[in-house]
Structure formats: structure tokens, C-alpha cells
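Geometric and topological summary
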Amino acid sequence: MASVTGTAISISARPSRRSLQVFNGLSVVKSVSFAGQRKSIPSIRSHPATSRFRVSCAAKPETLEKVCNIVKKQLALPENATVAGHSKFADLGADSLDTVEVVMGLEEAFGITVEEDSAQSIVTVQDAADLIEDLVCAKSA
């Protein structure tokens, strides 16, 4: 059985035996080979993972709330629309131009500048709030 979680790989022939774990710096595995004395070859499955590793403090609740309100306003969402940290911009009906306008509104509201590569990494409202929190902290330091 092989499993991948974050930057760790656990490989074991039997669940009850000890597992070999490999950490640090593993980003893509293109091939895996096994050599053994047994005649049977373990099966390997590959499951695509859509996870990102990011070290960051979560944004303050007031920052998240302000970002949610700005997103609602910029996207002209109805008052009863729910916008939360887990909301994806695409699910809110935003295209790439809408997302650029949201980022510009956030820059203006928080007095910051968001670099283009950072703006492209924003997928959810929480991503935007965390990025803003980081930029505001860096600006005040």
C-alpha cells in the first residue's frame, strides 16, 4: 500500500508492518520501483492531489469579514448571498477580470500593493484575507 500526504510518503507491504516514511522536498514522483525477494509485486495506485503547502497565520476575523464585504460589493452579489472564507471566487461567479477588480479593491481598502504572482495564487476568500494579513504585517514591520 502506498499513500502520499503533503510532503510525506508512506510505503508498506502490509498495514501491520512498519512503514518507511520519506520527508522533506518531495514534490513529484515520476516513477517508483521495488526490489524484493518475494515473488509478488505490490500494487501501486496514483491519486492526483490538489493540495498546496503554505506556511501562514490565518487572517484575523475582522480582516476576513472586511474582505468578504469587499468581495460581495465588487462582485455585486445580493445581500443574502453567503461569502465565507472557504468561498471560491469561481463559485461566486468571478472570472479573471472580476478577480483583478477584487484585488484592486482590496489594495485600495487596506493600503497595500499585491504583486501579480501573489494575486494569481488567490483561489478562495480566505487566501485573499491571509495574503492581506501578511502584507499588512510586512508593511507595518
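Looking up the protein in an unreviewed UniProt entry gives the name Acyl carrier protein, with the organism given as Musa acuminata subsp. malaccensis. UniProt, in the comment section headed Function (unreviewed entry), describes the protein in these words: "Carrier of the growing fatty acid chain in fatty acid biosynthesis." According to UniProt, the comment filed for the protein under the heading Subcellular location (unreviewed entry) is "Plastid, Chloroplast".

**Points about the overall build of the protein**
Helices and strands together make up the secondary structure of the protein, namely 4 helices and 3 strands. Order of helices (α) and strands (β) in the protein, N terminus to C terminus: β-β-β-α-α-α-α. Counting over 141 residues, the protein shows a buried share of 27%. Within the protein, contacts between residues at least 6 apart in sequence are counted, and of these 51% link residues at least 24 apart. Accessible area of the protein: about 10,800 Å², with a carbon and sulfur share of 53%.

**Here's the deal with the packing of aromatic side chains**
Taken as a whole and judged by the stated rule, the model has 0 aromatic pairs. One residue, Lys66, lies across the ring of Phe110, its end atom 4.6 Å from the ring centre.

**Topic: the side chain of Glu133**
You can see Glu133 is positioned in helix H4 (residues 125-140). Looking at Glu133, the relative accessible area reads 8%, which means it is buried.

**Remarks on the nonpolar core**
Formed by 24 residues in total, the largest nonpolar core has its most connected members in Val67, Val71, Phe89, Leu106, Phe110 and Val125. Taken together, the elements giving at least two residues each to this core come down to helix H1 (61-74), helix H2 (96-110) and H4. Other than its neighbours up to four places away in sequence, Val125 contacts Leu64, Val67, Cys68, Val71, Val83, Ala84, Gly85, Ser87, Phe89 and Leu92.

**Observations regarding the pattern of salt bridges**
A full pass over the atoms with the stated rule returns 1 salt bridge. Its salt-bridge partner being Lys60, residue Glu133 comes within 3.9 Å of it at the nearest N-O pair. In this pair, Glu133 is assigned in helix H4 and Lys60 in the loop between strand S3 (20-22) and H1, connecting sequence segments 73 residues apart.

**What to know about the environment of Val71**
Tracing the backbone through its elements, the reader meets Val71 in helix H1. What makes Val71 buried here is its relative accessible area of 0%. In this structure the C-alpha to C-alpha distance between Val71 and Val125, which are 54 residues apart in sequence, comes to 8.0 Å. When sequence neighbours within four positions are dropped, the list of residues in contact with Val71 reads Val83, Phe89, Leu92, Val102 and Val125.

**Points about a nonpolar patch on the surface**
Together, Leu97, Val100 and Met104 give the surface a local cluster of nonpolar side chains, amounting to about 300 Å² of exposed area. Residue placement: Val100 occurs in helix H2.

**Here we look at H4**
If you check H4, its first and last C-alpha atoms are 23 Å apart, about what 16 residues at 1.5 Å a residue would give, namely 22 Å. Within H4, the full set of buried residues consists of Val125, Asp127, Ala128, Ala129, Asp130, Leu131, Ile132 and Glu133. Contacts made by the buried residues of H4 are with H1, H2 and helix H3 (116-120).

Procedures and definitions
Every residue gets a number counted from 1 within its own chain, in the order that chain's sequence is written. Where totals are concerned, whole chains, interfaces and linings use all residues; where local detail is concerned, this predicted model gives features only for residues with pLDDT of at least 70, and gives and counts side-chain atom pairs only at 80 or more. Based on all heavy atoms of the structure, the side-chain values leave hydrogens and waters out of the count. UniProt positions are given in the numbering used here, feature names are shortened, and annotations may be inferred rather than shown by experiment. What counts as a helix is a DSSP run of H or I of at least four residues, what counts as a strand is a run of E of at least two, and both are numbered from the N terminus. Accessibility here uses a 1.4 Å probe with only protein chains present; expressed as a share of the type maximum, an area under 20% marks a residue as buried, one over 50% as exposed, and anything in between as partly exposed. Working rule for contacts: check all heavy atoms of both residues, and any pair within 4.5 Å makes them a contact. The protein chains shown are the only cover counted for residues, whose accessible areas, like all others here, come from Shrake-Rupley with a 1.4 Å probe. Centre distance within 6.5 Å is the pairing criterion for rings of Phe, Tyr and Trp, where only the six-membered ring of Trp is used; planes under 30 degrees apart are then read as stacked, over 60 as edge-to-face, and the remainder as tilted. Our definition puts a charge over a ring when NZ of Lys or CZ of Arg is within 6 Å of the ring centre and also within 35 degrees of the ring normal. We define the nonpolar core as a collection of buried residues of types Ala, Val, Leu, Ile, Met, Phe, Trp, Tyr and Cys that are connected through side-chain atoms lying within 4.5 Å of one another. In the sections that follow, a salt bridge refers to a side-chain nitrogen of Lys or Arg positioned within 4 Å of a carboxyl oxygen of Asp or Glu. Like charges within 9 Å and nonpolar side chains (Val, Leu, Ile, Met, Phe, Trp, Tyr) within 5 Å are joined into patches, using only residues over 30% in relative accessible area that form no salt bridge. Helix span, expected: 1.5 Å multiplied by one less than the number of residues in the helix.

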